[in-house]
Amino acid sequence: MKFKIFEFKKVKSTNDTAIRLIKKNYSNGFIMSETQTFGKGQRGNKWISKKGNLFISIFFKMNEKLILDKIVKLNLIIVNKIINSFINVKTNIKSPNDILIKKKKVCGILQETLFKDENRFLIIGMGINVLNSPKIKNYPTAYLNNYSKKKIHKHQLAKKIKLEFEKNYYKFCK
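The rules we used
Residues numbered from 1 in each chain as written. Predicted model: local features only at pLDDT ≥ 70, side-chain atom pairs only at ≥ 80, totals over all residues. Heavy atoms only, no water. Helix = DSSP H or I, 4+ residues; strand = E, 2+ residues; numbered from the N terminus. Buried < 20%, exposed > 50% of the residue type's maximum accessible area, 1.4 Å probe, protein only. Contact = heavy atoms within 4.5 Å. Phe/Tyr/Trp six-rings, centres within 6.5 Å; stacked < 30°, edge-to-face > 60°. Lys NZ or Arg CZ within 6 Å of the ring centre and 35° of its normal. Salt bridge = Lys/Arg side-chain N within 4 Å of Asp/Glu carboxyl O. Axes fitted to C-alpha atoms, helices over the stretch in contact; angles between N-to-C directions. Parallel < 35°, antiparallel > 145°, perpendicular 65-115°, else oblique. Left-handed = near helix turned anticlockwise from the far one by under 90°. Nonpolar A, V, L, I, M, F, W, Y, C, P; charged D, E, K, R; others polar.

**With respect to the side chain of serine 133**
Among the structural elements, serine 133 can be located in the loop between β9 (119-128) and α3 (154-168). Note on serine 133: relative accessible area 10%, which makes it buried. If we skip the residues at most four places from it in the chain, serine 133 touches Lys50, Thr141, Ala142 and Tyr143.

Written as structure tokens, this is what we have:
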């Protein structure tokens, strides 16, 4: 499946944008924004969205029988593999939804589901620190370009993520 691309300069949250698009009857999409003013994290936390980093959400109809915990793990594995292809150090997955480099958060993934017209939609939001990372008291953060010999461009990373999710889409629909 090919995801329809939606690009924005600024959104409140890419996941909120996905919800709005689903309500407008789009069945799938890949949302990317240059900035987001109120990124969402787990349990109502805010994702601090520094300019130059990657903010995306992917959404599509999913099989109602799939268990969200299994999907969360699959998403982490897919994104972790992609991040590792760009950098020179090994990353670690920290449950439930983080990817770390040397015990510092570099990526957060937030999955949400939405029911519309008897269909269940999965929304996978990602914030990846590419160019810089926020300073958060008592929570160390990192960014990808600090661990790469070649400068990573967020559009290059986004393209690889989109292609990998399109390739693995069938795993979400079994």
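**Side note on the packing of aromatic side chains**
Going through the model one piece at a time under the given rule, you end up with five aromatic pairs. Between phenylalanine 3 and tyrosine 169 the ring centres are 6.3 Å apart and the planes differ by 80 degrees, which places this aromatic pair in the edge-to-face class. With phenylalanine 3 in the segment before β1 (5-11) and tyrosine 169 in the loop between α3 and α4 (170-173), the pair connects residues that are 166 residues apart, well separated along the chain. A relative accessible area of 4% places phenylalanine 3 in the buried class. Ring plane angle 80 degrees and centroid distance 5.2 Å describe the contact between phenylalanine 60 and tyrosine 169, whose orientation is recorded as edge-to-face. Linking phenylalanine 60 in strand β5 (residues 54-62) with tyrosine 169 in the loop between α3 and α4, this pair joins segments that are 109 residues apart in sequence. For phenylalanine 60, a relative accessible area of 1% puts it in the buried group. We classify tyrosine 169 as buried; its relative accessible area is 16%. The side chain of lysine 4 reaches across the aromatic face of phenylalanine 6, ending 5.3 Å from its centre.

**Let's talk about the pattern of salt bridges**
Scanning all chains against the criterion turns up eight salt bridges. The residue lysine 105 makes a salt bridge to aspartate 98 at a minimum N-O spacing of 3.0 Å. By the burial criterion, lysine 105 is buried, and aspartate 98 matches it. Taking the shortest distance from any N to any O, the salt bridge between glutamate 166 and lysine 162 comes out at 2.5 Å. Taken as a pair, glutamate 166 and lysine 162 lie in helix α3 at a separation of four residues, close to a single helical turn. Side by side, glutamate 166 and lysine 162 carry an identical accessibility label, which is buried. Where salt bridges share partners, they join Lys2, Lys162 and Glu166 into one cluster.

**Some details on the packing of helix α2 (residues 68-84) against α3**
Taken N-terminus to C-terminus, the directions of α2 and α3 make an angle of 140 degrees; their axes are 10 Å apart at the nearest point. The angle between α2 and α3 falls in the class oblique. Relative to α3, the crossing made by α2 is right-handed. Between α2 and α3, the contacting residues are Asn75, Ile78, Val79, Lys81 and Ile82 on the first element and Leu157, Lys160, Ile161, Glu164, Phe165 and Asn168 on the second. Classifying every residue of the contact of α2 with α3 by side-chain character gives six nonpolar, two polar and three charged.

**Some words on the environment of glutamate 164**
Along the chain, glutamate 164 turns up in helix α3. According to the relative accessible area criterion, glutamate 164 is buried, its value standing at 14%. For the pair glutamate 164 and valine 130, spaced 34 residues apart in sequence, the C-alpha to C-alpha distance is 18 Å. Aside from chain neighbours lying at most four places away, what touches glutamate 164 is Ile78, Lys81 and Ile82.

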